[in-house]
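Given next are the chains, with one letter for each unit.
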Amino acid sequence: MTEFSGLGLIEPLLRAVAEEGYSTATPIQAGAIPLLLAGRDVLGLAQTGTGKTAAFTLPILQRLFQNKKRVAAKSPRTLILTPTRELALQIGDSFTTYGRHLPIRRTVIHGGVGQSPQVAAIARGTEVLIATPGRLLDLMAQNHVRLDQIEVFVLDEADRMLDMGFIRDVRKVVAVLPKERQTLLFSATMPDAVVDLANSILTDAERIEVTPQSTTVERINQRVLFVERSDKRRLLADLLEDSAMARTIVFARTKHGADRIADHLKKAGIAADAIHGDKSQSARVRALESFRAGELRALVATDIAARGIDIDGISHVINFDLPNEPESYVHRIGRTARAGTDGSAVSFCDHEEVGYLKDIEKTIRQPIPADTDHPYHAVDVAQIHASSKPPPRPKAPGSNRNQNNRNQQQARPRNAGTNPAPKPAAPAKAAQPKPVAPAAKAPQKAGKPTGAPRPDAARNDQNRHDRRPAPHAVSHGNTHGASKQTPRAAGTPGGNTPMRRKPSAA
DNA sequence: AAAAAAG
């Protein structure tokens, strides 16, 4: 357990943290905050829900405050790039919350809304600029923002950024940043493209890993319900009438589908709304806010909400459609079981989705127990699934073949990049696993550490002065000896899947 | 294949 008070944070920040009700740092916070305060570059393998946002918000605020200087008009000192507008707003909130006792301004810019207020705020001067790529480039082209004073650059959700085709935009932005700066790159996975990007923008970075996936997945009660496509909506409405499903996020594969599902629920008298990329920004904000406020029983979303969005108290995730990308399944169900609570993930599987289900089971290395005790159970779909292959056996770690499926193979710290790495005069302290209990309460819930960051090698970059070796090798221990994925007994319904209803009138 | 992001 690491207390925030021991991380070297200044009083106004500790006060804000305490006011939020937190005292214990999550592993990524315990590991990253001292490094970031010391000015190091960090490569963080982590997704939201591990406390990642606070892990960089707090030290950035502190550094900006301690090296206080006048902000020239249009010239922010920190740039944070995120793939989605919602994420940008969320990070903006984090700066507001933790910076409330410091005179540090922050501005969020993204598309879908008028640019004038954003332009005005930047012109007035803002220490922190949080942006989605499109609007940032837009404002840069119009000379409304300059990036030549950037001291800290954060690239959040880098893998997703690349998935969404932002690599060129990111490169354009990086090209105009000062070479001498502190850079943080966060990514949930490490495909080659992210490794390349990390190599080119980080200098002498520490790598910090947390594995929310395996651990989160463990705490989630997963079930699959075989159902014909035509019965899905009725099944969903039935499930949602159950009072246990107080706050449920329903994932659909398409934007249109999400709308139709939300309409159907509304007609059935269930407070629901949809969120997806075709909705106006105000509608997106409204849906998210009312869901957060508890006014909606269900939020129907596309994968816009699969990652990153951090909402407390989501009791259930329902995959109305199975994602065709297995990784997406893991991200989706990770919306529940946060803050150390339990959660349930219920996946509908129809005829055409059996193959997706198989892929998912392979990726998570465990079969998902079927729950047949519901009114719309489709026997034939279940049979297709049962006969298609034996349930996947857990494989030995290291046998995974998929770049995206990174979460089994880390455990040993590595350099951020792949370049041959002459070790600088860094304290070669072996990474001794020092147990760090998973934080029960921290700005953004718990995660688990796996890797011990280690002062590491130089890169091929020209500018690498101002980079000191790590003052100490932070070693957060491997706390998840017990967190290996254990396949559950298939078909053993246990726990809180609320589906004991008898066929309703339909 | 769909989704996100600048219009």
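Residues numbered from 1 in each chain as written. Chains lettered and ligands numbered in written order. Predicted model: local features only at pLDDT ≥ 70, side-chain atom pairs only at ≥ 80, totals over all residues. Heavy atoms only, no water.

(A) Quick look at the protein's contact with DNA strand B. Residues in close proximity to DNA strand B total 19 residues, the closest being Arg135, Thr254, Lys255, Gly277 and Arg284. For DNA strand B, the backbone makes up 82% of the atoms found within 4 Å of the protein, where backbone means sugar plus phosphate. One of the side-chain N or O atoms of Thr132 is found 2.6 Å from a phosphate oxygen in DNA strand B. Within the side chain of Asn324, an N or O atom sits 3.4 Å from a base nitrogen of DNA strand B. In the surface near DNA strand B, the residues fall into four nonpolar, 10 polar and five charged. (Near = heavy atom within 4 Å. Polar contact = N/O pair within 3.5 Å; in protein donor to acceptor, adjacent residues only side chain to side chain. Nonpolar A, V, L, I, M, F, W, Y, C, P; charged D, E, K, R; others polar.)

(B) Spatial organisation of the packing of aromatic side chains. The tally for this structure, following the rule as stated, stands at two aromatic pairs. A ring pair is formed by Phe56 and Phe186, whose centres lie 5.4 Å apart and whose planes are at 35°; its orientation type is tilted. Residue Phe56 is found in helix 3 (residues 52-66), and its partner Phe186 is found in strand 8 (residues 182-187); the two are separated by 130 residues along the sequence. When sorted by exposure, Phe56 lands in the same class as Phe186, which is buried. (Phe/Tyr/Trp six-rings, centres within 6.5 Å; stacked < 30°, edge-to-face > 60°. Helix = DSSP H or I, 4+ residues; strand = E, 2+ residues; numbered from the N terminus. Buried < 20%, exposed > 50% of the residue type's maximum accessible area, 1.4 Å probe, protein only.)

(C) Up close: the layout of surface pockets. Computed from the structure, the largest pocket encloses a volume of approximately 620 Å³. Arg160, Asp163, Met164, Asp303 and Ile304 are, among the 28 residues lining the largest pocket, the residues nearest its centre. Of all the secondary structure elements, the ones that give two or more residues to the lining of the largest pocket are helix 6 (133-141), helix 7 (158-163) and helix 14 (326-333). No other element matches helix 14, which puts four residues into the lining of the largest pocket. Among the residues forming the lining of the largest pocket, the class breakdown is seven nonpolar, nine polar and 12 charged. (1 Å grid on protein atoms, 1.4 Å probe; cavity = no way out; pocket = protein on both sides within 12 Å on 5 of 7 lines; lining within 4 Å. Points joined across faces, edges and corners; volume = space filled by probe spheres on them.)

(D) Here's a closer look at helix 9 (residues 192-201). Of the positions making up helix 9, those classed as buried are Val194, Val195, Leu197, Ala198, Asn199 and Ile201. Those residues of helix 9 that are buried lie in contact with strand 3 (42-45), strand 7 (152-155), helix 7, helix 8 (167-175) and strand 8. (Contact = heavy atoms within 4.5 Å.)

(E) Up close: the sheet that holds strand 10 (residues 220-226). Pairing in this open sheet of six strands is parallel, and the strands run 10-15-14-11-13-12 from one edge to the other. Looking at the sheet topology across the chains shown, the edges are occupied by strand 10 and strand 12 (272-275). Adjacent strand axes in the sheet meet at a mean angle of 20° when their direction is disregarded. Examined bridge by bridge, strand 11 (residues 248-251) and strand 13 (residues 298-301) share four bridges and lie parallel to one another. (Pairing = 2+ DSSP bridges. Axes fitted to C-alpha atoms, helices over the stretch in contact; angles between N-to-C directions.)

(F) Structural detail: the sheet that holds strand 7. Here seven strands make up an open sheet; going across it, the order is 5-6-4-7-8-3-9 and the pairing parallel. Every interior strand has two partners, whereas the edge strands, strand 5 (106-109) and strand 9 (206-209), have only one. Taking the axes of each pair of neighbouring strands and ignoring which way they run, one obtains an average angle of 15° across the sheet. Here strand 5 runs beside strand 6 (residues 128-131); their pairing, made up of four bridges, is parallel. Pairing of Ile109 across the sheet is with Ala131, part of strand 6. Against the sheet, helix 5 (residues 116-124) contacts strand 5 and strand 6, and its axis sits at roughly 150° relative to strand 5.

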